[in-house]
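Now for the letters of each chain:
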Amino acid sequence: MNLEQLTKTANEMVTDHKGLLAADESTGTIGKRFDNIGVENVENNRRDYRELLFRAERLGEFISGTILYDETIRQSAGDGTSLVALMKGQGIIPGIKVDGGAKDLPGSPGEKVTEGLDGLPGRVEEYVGLGARFAKWRAVITIGEKIPSAQCIHVNAHALGRYAKICQEGGLVPIVEPEVLMDGDHDIDVCDEVTNETLNTVFAELYAQDVALEGMILKPNMIISGLGCPKQAGPDEVAERTVETMRRCVPAAVPGLMFLSGGQTEADATVHLNAINAKFAPQPWKLSYSYGRALQQSALQAWKGDAGNIANAQAALFERARANSQACAGVYTAEAV
Ligand code: 13P
């Protein structure tokens, strides 16, 4: 393992108030996004959309890296330039989703376990050859009646450890993503409790499996009220509870925490990240973003599959990226966007 190189990449990912664009929607998931804007889910449309994102002018000022899906890392733009080369031209580091998706956890209705370890060393080697420098694996923890089970948290944490070690040995910085879902009517206390349990279990596995903390990134959820909870915690409480839990659970050697948006609105995801940094930075780790929906919603709406709308869609992405970069510095104000 080349820890020096991994550490350098991990630090680059969170440098200068930059964050990640998560554009690694699987073919099924991008189909759901396209359904909302009436675009057919075919390879050319997926390519055109991702090309639009990576060609957004000056995106590299706010975005350090982009997470790609297997199809995308192999695709070329309309003019034949590979999408990876387009990103690199903007100074954006290519990354790759390597998990095989969250599947039903046997014997535990309503819970998921992420698959994809079989053959992973070979795929990591191939992705390094295609230009990737970091990877992502998402585990899903669901809150509900009598769940999450200890079994669900354990098997997902174990798989995250296996994945992270394989990536580091193969030369990719692993993004470790144990996502506690926002779905449900639970309050912020329940999210806090489940996230504590999850992060403690994950870091115990990372330790047990000899993962180098300096050469990884954590992608956690914020501590937040369930989507259906009648009492919604405000940004100050979200920020305070999130930082408190991260301080309790995440070792200082980890270079960066890059939050997922997880279904928050674009505005909430920015305001929450801003409150975190405005009130509590600096912390031992950088506090940044790795947003999918919260960076792309407005861009998708502006695009609607029409080439005449590309400039507007790129402008929408640029504004969200700039706002989130300001939030990394704790200086975001709604008026500035
Ligand atoms: P969201 O920000 O839309 O949750 O996506 C981030 C991601 O990469 C989830 O794995």
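Note that this is a predicted model, so its numbers are computed, not measured.

> Whenever I open this one, the overall build of the protein confuses me. Can you help?
When helices and strands are counted, the protein shows 12 helices and 10 strands. Over its C-alpha atoms the protein spans a radius of gyration of 19 Å, differing by no more than 12% from the 20 Å that the globule rule assigns to 337 residues. Considered along the principal axes of its C-alpha atoms, the protein spans approximately 50 × 45 × 40 Å. Sorting the 337 residues of the protein into buried and exposed places 56% on the buried side. Once local pairs closer than 6 in sequence are excluded, the contacts in the protein between residues at least 24 apart make up 79%. Across the protein, the 32 positively charged side chains and the 45 negatively charged ones have centroids separated by 2 Å.

> I would appreciate a short explanation of helix H12 (residues 310-329) in the present structure.
Counting along an α-helix, one turn takes 3.6 residues, and residues three or four places apart therefore face a common direction. Here H12 contains 20 residues, and its C-alpha end-to-end distance of 29 Å stays within 8% of the 28 Å for a straight helix at 1.5 Å per residue. Just beyond H12, the residue with positive phi is Gly330, at close to 70°.

> Could you clarify how one ought to interpret the site of the ligand in this entry?
Contacts to the ligand come from Ala22, Asp24, Lys136, Arg138, Glu177, Lys219, Ser261, Gly262, Ser290, Tyr291, Gly292 and Arg293. Note that an oxygen atom of the ligand is positioned 2.7 Å from one of the backbone N or O atoms of Gly262. Across the complex, the protein chains shield 92% of the 300 Å² of accessible surface that the ligand would expose by itself. Sorting the residues of the shell around the ligand by element identifies strand S6 (134-141) and strand S10 (286-291) as the ones contributing at least two each. For the shell around the ligand, a count of residues per class yields two nonpolar, four polar and six charged.

> Whenever I open this one, the packing of aromatic side chains confuses me. Can you help?
The way to describe two aromatic rings as a pair is by their centre distance and the angle between their planes. What the rule picks out here adds up to six aromatic pairs. On the numbers, 5.8 Å between centres and 55° between planes, the contact of Phe34 with Trp303 is tilted. Linking Phe34 in helix H2 (residues 27-37) with Trp303 in helix H11 (residues 293-303), this pair joins segments that are 269 residues apart in sequence. Under the relative-accessibility criterion, Trp303 is labelled buried at 3%. Through pairs of rings, three or more aromatic residues link up here, namely Phe34, Tyr49 and Trp303.

> Explain the side chain of Gln296 here, please?
You can see Gln296 is positioned in helix H11. Assessed through its relative accessible area of 2%, Gln296 is described here as buried. Setting aside its immediate chain neighbours within four residues, Gln296 contacts Leu21, Ala22, Ala23, Glu25, Tyr49, Leu53 and Glu266.

> Quick question: what am I supposed to make of the pattern of salt bridges here?
Between side chains of opposite charge, pairing is possible as soon as their charged atoms come close. Taken as a whole and assessed by the stated rule, the structure comprises 26 salt bridges. Where Lys97 meets Asp99, a salt bridge forms, and the shortest distance between an N and an O atom there is 3.1 Å. By relative accessible area, which is 15% here, Lys97 ends up buried. The class for Asp99 is buried, based on a relative accessible area of 9%. Salt bridges linked by common partners bring Asp24, Lys136, Arg138, Glu177 and Glu179 together as one network.

> What is the right way to read the environment of Thr270 from this model?
Its location among the elements puts Thr270 in helix H10 (residues 266-280). Residues Thr270 and Asn44, 226 residues apart in the sequence, show an inter-C-alpha distance of 31 Å. Every residue in contact with Thr270, bar those within four places of it in the chain, is listed here: Arg320, Ala323, Asn324, Ala327 and Tyr332. Polar contacts involving the side chain of Thr270 include one to the main-chain carbonyl oxygen of Glu266, which spans 3.0 Å.

Criteria and thresholds
Residues numbered from 1 in each chain as written. Predicted model: local features only at pLDDT ≥ 70, side-chain atom pairs only at ≥ 80, totals over all residues. Heavy atoms only, no water. Helix = DSSP H or I, 4+ residues; strand = E, 2+ residues; numbered from the N terminus. Rg over C-alpha atoms; globule rule 2.2 N^0.38 Å. Buried < 20%, exposed > 50% of the residue type's maximum accessible area, 1.4 Å probe, protein only. Contact = heavy atoms within 4.5 Å. Lys, Arg positive; Asp, Glu negative; His and termini not counted. Charge placed at Lys NZ, Arg CZ, Asp CG, Glu CD. Expected span 1.5 Å × (residues − 1). Near = heavy atom within 4 Å. Polar contact = N/O pair within 3.5 Å; in protein donor to acceptor, adjacent residues only side chain to side chain. Areas by Shrake-Rupley, 256 points an atom, 1.4 Å probe, with all protein chains shown as cover. Nonpolar A, V, L, I, M, F, W, Y, C, P; charged D, E, K, R; others polar. Phe/Tyr/Trp six-rings, centres within 6.5 Å; stacked < 30°, edge-to-face > 60°. Salt bridge = Lys/Arg side-chain N within 4 Å of Asp/Glu carboxyl O.

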